[in-house]
Amino acid sequence: MKILKKVLIVLLVLFVAAQAFRPAKNNSNDTSKDISKSYVVPENVKAILAKACNDCHSNNTKYPWYAEIQPVAWWLNDHIQDGKKHLNFNEFDGYRIARQYKKLEECIDEVKDGEMPMSSYTIIHKEAKLTDDERQTLFTWCEIVRDSIKARYPADSLVIKKKK
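Within any chain, residue numbers begin from 1 and follow the written order of that chain's sequence. pLDDT decides what is reported in this predicted model: residues at 70 or higher carry local features, side-chain atom pairs at 80 or more are listed and counted, and totals for whole chains, interfaces and linings draw on all residues regardless. Note that the side-chain values use all heavy atoms of the structure and ignore hydrogens as well as water.

(A) Region of interest: the environment of lysine 37. The helix and strand labels rest on DSSP assignments: H or I over at least four residues marks a helix, E over at least two residues marks a strand, and numbering proceeds from the N terminus. With respect to the element layout, lysine 37 can be found in the loop between α1 (2-18) and α2 (43-52). With 55 residues separating them in the primary sequence, lysine 37 and phenylalanine 92 have C-alpha atoms 9.1 Å apart. Setting aside residues up to four positions removed in sequence, lysine 37 forms contacts with Thr31, Ser32 and Asp93. Any two residues whose heavy atoms approach within 4.5 Å are treated as being in contact.

Laid out in structure tokens, this is it:
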């Protein structure tokens, strides 16, 4: 019984100490490279992105109360950084054209297949689940933006070239 008590005390001390080590928040007002700088983002699409995508795919995350507790904050930060690495709507205009084109294709596939938003996100954030109409709206918008890119740039500029 004494060992269990000591273990619990050590775990409690580690938990309390962990609270001092917090990741930086994903909050920036820099929208200078936002997707809306080059492409029309209708209000209904903005609303869908805000409710289901932007927490992980932008430079502005709306943090829930439990994001203040370690190790949950570290886990959330890892998801946010990974999401931004794959696609960041606030940095989209800074991507090469080939990457923009490819990311929109990936977005279409992920949304059509129901893989985005991730189920691990929508379990807690039920409001982020997309309806069939919202899915249709989002991937139709992505297709329209892709078509505008395709019409504006030569075909060879839409291909991501492999590094040798």
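Next, the rest of the story.
(B) Up close: the packing of α2 against helix α7 (residues 132-152). In this description, a line fitted to the C-alpha atoms serves as the axis of each element, helices being fitted only across the stretch in contact, and the angle between N-to-C directions of two axes falls anywhere from 0 to 180 degrees. Between α2 and α7, whose axes approach to 10 Å, the crossing angle comes to 110°. When the interaxial angle is binned, α2 and α7 end up roughly perpendicular. Read as a crossing pair, α2 and α7 show a hand that is left-handed. Listed contacts from α7 to Asn44, Val45, Ile48, Leu49 and Lys51 of α2 are Glu134, Thr137, Leu138 and Trp141. Residues of the contact of α2 with α7, tallied by class, amount to five nonpolar, two polar and two charged. Roughly parallel covers angles under 35 degrees, roughly antiparallel covers those over 145, roughly perpendicular covers 65 to 115, and oblique covers all other angles. We call a crossing left-handed when the near helix sits turned anticlockwise from the far one by less than a right angle, and right-handed when that turn is clockwise. Polar here means any residue outside two lists: the nonpolar Ala, Val, Leu, Ile, Met, Phe, Trp, Tyr, Cys and Pro, and the charged Asp, Glu, Lys and Arg; Gly therefore counts as polar.

(C) Up close: helix α4 (residues 72-86). Relative to the 21 Å expected for 15 residues at 1.5 Å per residue, α4 spans 21 Å between its end C-alpha atoms, a close match to the ideal helical length. Classification of residues uses two cut-offs on accessible area relative to the type maximum, computed with a 1.4 Å probe and protein chains only: under 20% is buried, over 50% is exposed, and between them is partly exposed. The complete set of buried residues in α4 reads Ala73, Leu76, Ile80, Gly83 and Lys84. For α4, the buried positions fall inside an angular range of 95° around the axis, keeping them on one side. Along α4, exposed side chains directed more than 90 degrees from the buried face belong to Asp78 and Lys85. Expected helix span is computed as 1.5 Å times (number of residues minus one). Here the arc refers to the set of directions running from the helix axis out to each C-beta atom.

(D) Spotlight on the packing of aromatic side chains. Ring pairs are drawn from Phe, Tyr and Trp, using the six-membered ring of Trp, whenever the two centres fall within 6.5 Å, and their geometry is named by plane angle: stacked under 30 degrees, edge-to-face over 60, tilted for the rest. By the definition in use, this model includes two aromatic pairs. Plain terms: the ring middles of tyrosine 39 and phenylalanine 92 are 6.2 Å apart, the flat faces sit at 75° to each other, and that makes the pair edge-to-face. Remark: phenylalanine 92 occurs in the loop between α4 and α5 (97-112) and tyrosine 39 occurs in the loop between α1 and α2; sequence separation between them is 53 residues. Classification of phenylalanine 92 as buried rests on a relative accessible area of 0%. Judged by centre distance (5.5 Å) and plane angle (55°), the rings of phenylalanine 92 and tyrosine 95 are tilted.

(E) Structural view of the layout of surface pockets. Lining residues are those with an atom within 4 Å of a point, where the points come from a 1 Å grid over the protein atoms alone and group into cavities, where a 1.4 Å probe fits but cannot get out, or pockets, open sets with protein on both sides within 12 Å along at least five of seven lines. Grid points are joined across faces, edges and corners, and a volume is the space filled by probe spheres set on the points. In this structure, the largest pocket occupies an estimated 640 Å³ of space. Every residue lining the largest pocket is counted, 32 residues in all, and those nearest its centre are Cys56, His57, Gly83, Met116 and Met118. With seven residues, α4 is the largest single contributor of residues to the lining of the largest pocket. The residue makeup of the lining of the largest pocket, split by class, is 19 nonpolar, seven polar and six charged. What the second largest pocket holds in volume is close to 250 Å³. Taken together, 15 residues form the lining of the second largest pocket, with Asp34, Lys46, Leu49, Asn54 and Asn90 sitting closest to its centre. Looking at the lining of the second largest pocket, the elements that each hand over two or more residues are α2 and α3 (54-57). Top contributing element to the lining of the second largest pocket by residue count: α2, with three residues.

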